[in-house]
Amino acid sequence: MTPLDLDSSPLPSSKKTKIPLLPMSSGDDAAVAGAGESDALLPSVENAYESSEKISIAISDDETDADSVPSFSWRKLWLFTGPGFLMSIAFLDPGNLEGDLQAGAVAGYSLLWLLLWATAMGLLIQLLSARLGVATGRHLAEICREEYKGWAGVALWIMAELALIGADIQEVIGSAIAIKVLSRGVLPLWAGVVITASDCFIFLFLENYGVRKLEAAFAVLIGTMAFSFAWMFGKTKPSGTELLLGILIPKLSSKTIRQAVGVVGCVIMPHNVFLHSALVQSRKIDINKKSRVQEALNYYSIESTIALIISFMINLFVTTVFAKGFFGSKEADSIGLENAGQFLQSKYGGGLFPILYIWGVGLLAAGQSSTITGTYAGQFIMGGFLNLPLKKWLRALITRSFAIIPTIIVALFFDTSNAALDILNEWLNVLQSVQIPFALIPLLTLVSKEEVMGVFKIGHVMKMVTWTVAALLIIINGYLLLEFFSSEVHSILVGSIVCVAITLYVAFIVYLIMHGQGLSSQNLAAGFKRLVGSEN
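As the structure is a prediction and not an experimental result, all values here were calculated from the model. (Residues numbered from 1 in each chain as written. Predicted model: local features only at pLDDT ≥ 70, side-chain atom pairs only at ≥ 80, totals over all residues. Heavy atoms only, no water.)

K.L.:
What is the right way to look at the overall build of the protein chain in this model?
P.N.:
Looking only at helices and strands, the protein chain features 22 helices and zero strands. Expressed as a percentage of its 536 residues, the buried residues of the protein chain come to 56%. Across the protein chain, contacts joining residues at least 24 apart in sequence account for 83% of those joining residues at least 6 apart. In the structure as shown, the protein chain presents an accessible area of about 22800 Å², 67% of it carried by carbon and sulfur atoms. (Helix = DSSP H or I, 4+ residues; strand = E, 2+ residues; numbered from the N terminus. Buried < 20%, exposed > 50% of the residue type's maximum accessible area, 1.4 Å probe, protein only. Contact = heavy atoms within 4.5 Å. Areas by Shrake-Rupley, 256 points an atom, 1.4 Å probe, with all protein chains shown as cover.)

K.L.:
What should I look at first to understand the environment of Tyr300 in this one?
P.N.:
Within the fold, Tyr300 resides in helix α13 (residues 290–326). Using a relative accessible area of 1% as the deciding quantity, one classes Tyr300 as buried. For the pair Tyr300 and Thr81, spaced 219 residues apart in sequence, the C-alpha to C-alpha distance is 7.4 Å. Residues contacting Tyr300, with those up to four places away along its chain left out, are Phe80, Pro83, Leu127, Val134, Val280, Arg283 and Ile285. Polar side-chain contacts of Tyr300 include one of 2.8 Å to the backbone oxygen of Val280. (Polar contact = N/O pair within 3.5 Å; in protein donor to acceptor, adjacent residues only side chain to side chain.)

K.L.:
Which parts of the structure should I look at to understand a nonpolar patch on the surface?
P.N.:
Residues Phe72, Trp74, Ile302 and Ile306 make up a contiguous nonpolar surface patch of roughly 440 Å² in combined accessible area. For Trp74, the position within the fold is in helix α1 (residues 74–80). Exposure remark for Trp74: the relative accessible area of 67% places this residue in the exposed category. (Patch = residues over 30% accessible without salt bridge, like charges linked within 9 Å, V, L, I, M, F, W, Y side chains within 5 Å. Salt bridge = Lys/Arg side-chain N within 4 Å of Asp/Glu carboxyl O.)

K.L.:
Please explain a positive patch on the surface as it appears in this structure.
P.N.:
On the surface, a cluster of positive charge is contributed by Lys235, Lys237, Lys324 and Lys347. Mapped onto the elements of the fold, Lys324 is located in helix α13. Assessed through its relative accessible area of 39%, Lys324 is described here as partly exposed. (Lys, Arg positive; Asp, Glu negative; His and termini not counted. Charge placed at Lys NZ, Arg CZ, Asp CG, Glu CD.)

K.L.:
Which parts of the structure should I look at to understand the confidence of the model for the protein chain?
P.N.:
When pLDDT drops low, the exact placement of atoms in the prediction is not to be read closely. Averaged over all residues, the pLDDT of the protein chain is 80; the fraction at 70 or higher stands at 82%. Counting contacts from residues 5–20, a segment whose pLDDT is below 50, to residues more than four positions away or on other chains yields 27 contacts. (pLDDT = per-residue confidence, 0-100.)

K.L.:
What am I meant to see in helix α6 (residues 150–182) here?
P.N.:
Every α-helix winds through 3.6 residues per turn, so residues three or four apart in the chain are directed the same way. When the terminal C-alpha atoms of α6 are compared, their 48 Å separation across 33 residues agrees well with the 48 Å that a helix rising 1.5 Å per residue should span. Burial runs high along α6: 24 of the 33 residues are buried. Looking one or two residues beyond α6, the residue adopting positive phi is Arg184, at roughly 60 degrees. (Expected span 1.5 Å × (residues − 1).)

K.L.:
Which parts of the structure should I look at to understand empty space enclosed by the protein?
P.N.:
Gaps between atoms show up when a probe of the same size as a water molecule is rolled over them. For the structure on display, the rule yields four cavities of 30 Å³ or more. Within this model, the second largest cavity holds a volume of roughly 50 Å³. In terms of lining residues, the second largest cavity is bounded by Phe91, Asn96, Asp100, Leu115, Thr119, Val263, Cys266, Val267 and Asn315. Looking at the lining of the second largest cavity, the elements that each hand over two or more residues are α3 (94–107) and α4 (112–136). In terms of residue class, the lining of the second largest cavity is built from five nonpolar, three polar and one charged. (1 Å grid on protein atoms, 1.4 Å probe; cavity = no way out; pocket = protein on both sides within 12 Å on 5 of 7 lines; lining within 4 Å. Points joined across faces, edges and corners; volume = space filled by probe spheres on them. Nonpolar A, V, L, I, M, F, W, Y, C, P; charged D, E, K, R; others polar.)

K.L.:
How do you make sense of the packing of helix α12 (residues 270–279) against helix α15 (residues 355–386) when you look at a structure like this?
P.N.:
Between two packed helices, the angle of one axis relative to the other and the distance separating the axes together describe the packing. At a minimum axis separation of 9 Å, α12 and α15 run at an interaxial angle of 80 degrees. Compared by their axis directions, α12 and α15 come out roughly perpendicular. Along its contact with α12, which presents His271, Phe274, Leu275, Ala278 and Leu279, the element α15 presents Thr373, Tyr376, Ala377, Phe380, Ile381 and Phe385. Looking at side-chain class alone, the contact of α12 with α15 contains nine nonpolar, two polar and no charged residues. (Axes fitted to C-alpha atoms, helices over the stretch in contact; angles between N-to-C directions. Parallel < 35°, antiparallel > 145°, perpendicular 65-115°, else oblique.)

K.L.:
Whenever I open this one, the packing of aromatic side chains confuses me. Can you help?
P.N.:
When we look at a pair of aromatic rings, we describe it by the centre distance and by the angle of the planes. Taken as a whole, this structure holds 17 aromatic pairs when the rule is applied. Summarising the aromatic geometry, the rings of Phe80 and Tyr300 are spaced 5.2 Å apart at their centres and angled 80 degrees between planes, so their arrangement reads as edge-to-face. Taken together, the residues Phe80 in helix α1 and Tyr300 in helix α13 connect sequence positions 220 residues apart. Exposure remark for Phe80: the relative accessible area of 2% places this residue in the buried category. (Phe/Tyr/Trp six-rings, centres within 6.5 Å; stacked < 30°, edge-to-face > 60°.)

In structure tokens form, the structure reads like this:
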């Protein structure tokens with residue numbers, strides 16, 4: 001059984017009568033969806049995947065009438081493998097790589113333990129997202145549209161879109177930097193942005209050939225990252241002893257607190273929480289059968305764990321390479337994505353494959369893969385919150401345009417200044433940090449509700465653990481925001497505006513938490529609107 005197993009006892013079985021695992025409301029015809037003999041219960045329009053796009057999971061004759069979870073099968077694990085690796089891309093995007101190299105250069109090996117536990121926390125959150133998608137047959141954005149009516153739903157959609165745009169700008173800029181490095185500066189940053197924008201069409205082309213083809217393309221990109229950064233690891237030969245001590249012995253000093261916050265803050269990407277709940281629906285699962293849902297959760301847990309172990313190793317390679325080369329040096333505080341390759345080249349030289357280009361290839365794979373998953377997530381967020389009956393290619397084009405246009409402006413403005421790019425990256429990290437509660441709180445609220453999850457709601461112990469993790473993440477990111485604004489805000493007028501914004505921000509978070517506890521949404525909304533009125 002997985003760490004997210006059920007606490008409830010099995011439902012009574014019947015060979016002739018199906019017992020729905022999810023509660024049905026009078027006006028919701030789509031509350032139950034299945035596969036195989038339950039196709040009649042499928043909604044007429046699916047926001048995540050059409051029925052023809054889903055991958056069938058073969059069921060042997062001896063499993064057809066089984067009420068218990070079937071035994072483990074390597075073949076089934078292979079069929080379920082894919083969504084977790086697409087999800088893991090968010091742990092390997094250029095923003096994460098920049099956090100890794102800065103943590104290594106400034107803190108050495110001392111934050112590796114935090115990287116490990118941050119990845120574990122990220123895995124827990126992503127397993128909950130997968131659980132929601134598998135057990136309900138719908139993804140997080142869809143359910144949020146139904147759970148949070150009116151202004152609250154619109155606010156959550158805007159927050160999700162802002163988080164996606166901020167992440168996409170970082171990812172596109174990272175990919176453009178890689179193109180600039182590999183072209184030896186011939187292609188400027190803006191040209192790299194335009195080239196990266198074409199990944200939308202690559203994505204659409206691959207999707208036409210099926211989900212497995214798209215997943216295979218991502219496997220190649222992850223393999224490229226792993227090979228590139230493992231090559232760098234082997235070339236620089238970091239200390240194995242210090243590496244193990246960094247993983248096993250927690251250390252944190254006042255000089256490295258900013259890097260520590262960055263390591264944790266980069267792990268939970270708001271759009272990735274929405275994405276994973278949709279990706280798991282690419283497999284045909286009969287959610288009317290408890291054993292089938294539990295089987296899918298078991299395989300997705302294994303697959304996601306393997307994917308994040310690989311992503312942890314890649315992040316580990318990057319951190320230790322820069323820890324070995326630059327910890328304690330005068331250059332440590334000035335290393336960023338754009339000049340990292342030059343610093344590596346000056347430190348370790350050329351050879352048959354110059355380390356500058358190995359770094360560029362790995363960064364390019366990270367940037368390209370993360371921008372495609374950003375496009376993918378944007379489709380689900382827009383389709384789920386707005387319930388727009390648009391074709392996938394049109395939603396992808398709109399989503400890509402949201403990020404590409406501001407990114408080209410950013411590239412033209414910041415192309416000649418590494419310092420300016422670093423400042424931009426700090427602001428984008430702040431934007432991501434601000435949005436985290438608006439993905440985490442709805443997710444934890446929904447997976448705790450029997451009305452949504454049926455017997456697959458999480459138990460009291462898991463609820464305590466997940467809310468503790470969420471509170472820790474929100475506090476850590478709150479510290480980042482406080483430190484950032486205290487250093488950036490110097491005007492009384494701007495400070496007053498920031499205080500008002502923070503008050504409204506905290507009030508909305510409180511509203512989401514209280515709404516999840518079952519209080520009257522009308523009363524909470526009225527209170528929030530009164531607060532807004534008093535601030536104005």
